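# Chain and residue survey
What follows is each chain in one-letter form.
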Amino acid sequence: MKQFCFAKNRIISSTEAVVHPMDIGLIRGYSIFDFFRTVDSRPLFLEDYLDRFTKSAQKTYLLLEYDQESLKQIILELIEKNNLQFGGVRMILTGGVSDNHFLPSKGYLFIFCEELLFPAKSKYENGVRLLSAEHVRAISDIKTTNYSFPVWHSLNNDWKKMDVEDVIYYHQGFVSESSRSNIFIVKNNE
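Summary of the structure given here. Only a predicted model underlies this, so the values are computations on that prediction, with no experimental measurement involved.

## Looking at the overall build of the chain
- A tally of regular secondary structure across the chain gives 6 helices and 9 strands.
- A compact globule built from 190 residues should have a C-alpha radius of gyration of about 16 Å, and the chain, at 18 Å, falls within 12% of that.
- Once the C-alpha set of the chain is aligned to its principal axes, its extents read approximately 45 × 40 × 30 Å.
- Relative to its 190 residues, the chain shows a buried fraction of 36%.
- Partitioning the contacts of the chain with sequence separation of at least 6, the portion at a separation of at least 24 is 65%.
- Carbon and sulfur atoms make up 52% of the accessible area of the chain, which totals about 12,300 Å².
- Across the chain, the mean location of the 22 positive side-chain charges is 4 Å away from that of the 24 negative side-chain charges.

## Some thoughts on the packing of helix H2 (residues 46-59) against helix H3 (residues 68-81)
- Their axes nearest at 10 Å, the elements H2 and H3 cross at an angle of 125°. Relative to H3, the element H2 is oriented oblique. Between H2 and H3 lies a crossing of right-handed hand. Of H3, the residues touching H2 (which contributes Leu-46, Glu-47, Leu-50, Asp-51, Phe-53 and Thr-54) are Gln-68, Leu-71, Lys-72 and Ile-75.
- Residues of the contact of H2 with H3, tallied by class, amount to 5 nonpolar, 2 polar and 3 charged.

## A look at the side chain of Ser-56
- Tracing the sequence through the fold places Ser-56 in helix H2.
- What makes Ser-56 buried here is its relative accessible area of 2%.
- When neighbours within four sequence positions are excluded, Ser-56 is seen to be in contact with Ile-32, Asp-141, Ile-142 and Lys-143.

## Examining the sheet that holds strand E8 (residues 164-171)
- Spatially, 3 strands are ordered E7-E8-E9 in an open sheet, and the strand pairing comes out mixed. Lying at the two open borders of the sheet, with one neighbouring strand each, are strand E7 (129-134) and strand E9 (174-178). The average undirected angle you get between the axes of adjacent strands in this sheet is 35°.
- With 4 bridges connecting them, E8 and E9 associate as antiparallel partners. Among the inter-strand pairings, Ile-168 is bridged to a residue of E9, identified as Ser-178.

## What about the sheet that holds strand E3 (residues 31-39)?
- Reading across the sheet, the 6 strands line up as E2-E1-E6-E5-E3-E4 and stay open at both edges, with antiparallel pairing between neighbours. Each end of this open sheet is capped by a strand with a single partner; those strands are strand E2 (10-13) and strand E4 (42-43).
- In the sheet, strand E1 (residues 4-7) pairs with E2 via 4 bridges, with the strands oriented antiparallel. If you follow Phe-4 over to E2, its bridge partner there is Ser-13.
- Strand contacts of H2: E3, E4, strand E5 (87-94) and strand E6 (109-115), with the helix running at about 175° to E3, the strand carrying the most contacts.
- Packing of H3 onto the sheet brings it into contact with E1, E2, E3, E4, E5 and E6, and relative to E6 it is tilted by some 35°.

## Some words on H3
- Helix length check: H3, at 14 residues, gives a terminal C-alpha distance of 20 Å against a target of 20 Å (1.5 Å per residue), a fit within 8%.
- Of the positions making up H3, those classed as buried are Leu-71, Ile-74, Ile-75, Leu-78 and Ile-79. Projected down its long axis, H3 shows its buried positions confined to an angular sector of 135°, all on one face.
- The positive-phi residue at the C-terminal boundary of H3 is Asn-83, with phi of around 50°.

## Structural notes on the environment of Ser-13
- Structurally, Ser-13 is set in strand E2.
- Residue Ser-13 is classed as partly exposed on the basis of its relative accessible area, which comes to 22%.
- Residues Ser-13 and Lys-2 lie 11 residues apart in sequence; the distance between their C-alpha atoms is 8.8 Å.
- Among the polar contacts listed, one links the side chain of Ser-13 to the side chain of Thr-15, at a separation of 2.9 Å.

The rules behind the values
Residues numbered from 1 in each chain as written. Predicted model: local features only at pLDDT ≥ 70, side-chain atom pairs only at ≥ 80, totals over all residues. Heavy atoms only, no water. Helix = DSSP H or I, 4+ residues; strand = E, 2+ residues; numbered from the N terminus. Rg over C-alpha atoms; globule rule 2.2 N^0.38 Å. Buried < 20%, exposed > 50% of the residue type's maximum accessible area, 1.4 Å probe, protein only. Contact = heavy atoms within 4.5 Å. Areas by Shrake-Rupley, 256 points an atom, 1.4 Å probe, with all protein chains shown as cover. Lys, Arg positive; Asp, Glu negative; His and termini not counted. Charge placed at Lys NZ, Arg CZ, Asp CG, Glu CD. Axes fitted to C-alpha atoms, helices over the stretch in contact; angles between N-to-C directions. Parallel < 35°, antiparallel > 145°, perpendicular 65-115°, else oblique. Left-handed = near helix turned anticlockwise from the far one by under 90°. Nonpolar A, V, L, I, M, F, W, Y, C, P; charged D, E, K, R; others polar. Pairing = 2+ DSSP bridges. Expected span 1.5 Å × (residues − 1). Arc of directions from axis to C-beta. Polar contact = N/O pair within 3.5 Å; in protein donor to acceptor, adjacent residues only side chain to side chain.

None of the figures reported here should be taken as evidence of function without further support.
Dropping the structure here:
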C-alpha cells in the first residue's frame, strides 16, 4: 500500500485509515469496491470504473457523498501524491455503523493506491492452472467485498499445493467470471 489514501473525507497517511469494528461492511460483509490499474500514472478506463462504482452504490442503497467528477479529482491527486506510475487503485464504500447492526447507515469511502504484483513471466508463457466451480456470485452485477466463497474454495482445495492460480465460475454450461481475474478468449484471431 502506498503512503497516502483517502479515508472517510480527506487524504491522510494510509497507516491512519481505520474502520469501526461494528461497521456492517465488516460484520455483515455489506460493502462495495472497485479496483483498476494505472499505467504511466494514468488510471485505465477510469470513467467506466467510476460508473460501475456509483451504480453499485445505488443498487446496494449505500450513500456515496461524492459525484464522479469529485471521485476522479481525489483519485488523480492520490496517484500524484503516491507517485503511482504502474499500480492499482482500490475504492471501498462501507455499509456504516448501523443502529440495528444490519441495515446500511452512512458508510465510509476509502481509496487506496497499491503496488501491483505481476505473475512470473513463465505464467504468461506457459499458462496457469485453473479450477472450475459451478457458482454464481450473489448480486453478481455489483462488486461487493464478499469473497468468502473463493477464499474458502482456495483453502478447501489447497490451491497452493495444487499450483492453481484461480477459479473459473460457470453456471448452466456458461463461463461467467473468475474470482480475481478477467477472462479474454481469442478465437479465429478475434
